[in-house]
Amino acid sequence: EAGVTQFPSHSVIEKGQTVTLRCDPISGHDNLYWYRRVMGKEIKFLLHFVKESKQDESGMPNNRFLAERTGGTYSTLKVQPAELEDSGVYFCASSGGLLYEQYFGPGTRLTVT
Amino acid sequence: KQEVTQIPAALSVPEGENLVLNCSFTDSAIYNLQWFRQDPGKGLTSLLLIQSSQREQTSGRLNASLDKSSGRSTLYIAASQPGDSATYLCAVRLSGGYQKVTFGTGTKLQVIP
């Protein structure tokens with residue numbers, strides 16, 4: 001069974017540019033989560049999808065961040081325009097069933113210069 | 001607001017030693033608690049998941065306990081090996097509502113051969 005995959009693994013962009021991160025969850029997992037870890041800090045929750053619906057987006061830092069989950073399958077997280085403080089590692093996780101055990105992808109390291 | 005603390009922040013032990021990692025949380029109304037390990041530059045690997053109704057879970061040399069009333073969980077690693085060197089994270093999922101997940105800052109473990 002394939003795990004959670006994320007693309008790209010690294011992205012370096014200039015301030016003001018746009019970046020789109022992609023996450024493919026484990027097949028059949030209805031729950032998809034985005035998290036972010038900035039330098040030296042703990043992993044912070046961004047948002048949670050149940051199928052294609054946003055269940056909780058209270059962790060999204062501001063309206064420069066837009067997440068979508070087309071057809072309840074893969075998800076994208078767009079940052080537009082990117083700022084220096086957006087640099088960090090963005091993780092995606094998915095879970096299925098009532099245990100809500102999360103399986104994480106390898107992360108996308110975003111560097112904004 | 002749930003706060004999750006992990007002590008110590010870093011730990012160095014000789015190979016073969018048994019060790020305990022600690023995770024404390026402030027809101028005891030949890031759904032479950034999950035322990036992860038993270039290797040440098042990699043994603044998070046799930047180690048153990050404890051439901052709120054459980055007291056402990058075991059997997060191989062790992063044993064995780066949960067005491068909701070005191071807001072604590074411990075991860076016990078028996079007969080440590082150099083391959084256990086990684087950062088260990090606990091993540092607490094609240095019950096009810098949106099079941100937001102809060103991560104601790106992690107314990108960086110080094111097992112010296």
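Use the structure listed above.
Read on for an overview of the structure.

Parameters and conventions
- Residues numbered from 1 in each chain as written.
- Chains lettered and ligands numbered in written order.
- Predicted model: local features only at pLDDT ≥ 70, side-chain atom pairs only at ≥ 80, totals over all residues.
- Heavy atoms only, no water.
- Helix = DSSP H or I, 4+ residues; strand = E, 2+ residues; numbered from the N terminus.
- Buried < 20%, exposed > 50% of the residue type's maximum accessible area, 1.4 Å probe, protein only.
- Contact = heavy atoms within 4.5 Å.
- Pairing = 2+ DSSP bridges.
- Axes fitted to C-alpha atoms, helices over the stretch in contact; angles between N-to-C directions.
- Salt bridge = Lys/Arg side-chain N within 4 Å of Asp/Glu carboxyl O.

**Notes on the environment of Val20(B)**
Residues and elements named next belong to chain B.
- Structurally, the position occupied by valine 20 is in strand E3 (residues 19-25).
- For valine 20, a relative accessible area of 40% corresponds to the partly exposed category.
- With 24 residues separating them in the primary sequence, valine 20 and leucine 44 have C-alpha atoms 20 Å apart.
- With sequence-adjacent residues up to four places away left out, valine 20 is seen in contact with Thr74, Leu75 and Tyr76.

**Side note on the sheet that holds strand E1 (residues 4-7) of chain B**
All names here are of chain B.
- Strands sit in the order E1-E3-E8-E7-E6 across an open sheet of five strands; the sheet is antiparallel. The strands lining the two open edges of the sheet, one partner per strand, are E1 and strand E6 (56-59). For this sheet, the mean inter-axis angle between neighbouring strands, taken without regard to orientation, is 15°.

**Points about the pattern of salt bridges**
Residues and elements named next belong to chain A.
- This structure, assessed with the given rule, holds seven salt bridges over all chains.
- Here aspartate 86 ties to arginine 36 by a salt bridge, and the two come within 4.0 Å at their closest N and O atoms. Within this pair, whereas aspartate 86 is found in the loop between strand E8 (75-79) and strand E9 (88-95), its partner arginine 36 is found in strand E4 (residues 31-37), the two being separated by 50 residues in sequence. For the pair formed by aspartate 86 and arginine 36, the shared burial category is buried.
- One salt-bridge network, held together by shared partners, links Arg36, Arg64 and Asp86.

**Examining the environment of Leu89(B)**
- If you trace the backbone, Leu89(B) turns up in strand E9 (residues 86-94).
- For Leu89(B), a relative accessible area of 0% puts it in the buried group.
- Residues Leu89(B) and Phe103(B) lie 14 residues apart in sequence; the distance between their C-alpha atoms is 7.0 Å.
- Not counting residues within four places of it along the chain, the set of residues in contact with Leu89(B) comprises Arg37(A), Ile43(A), Gln6(B), Gln34(B), Trp35(B), Phe36(B), Gln38(B), Leu44(B), Phe103(B), Gly104(B), Thr105(B) and Gly106(B).

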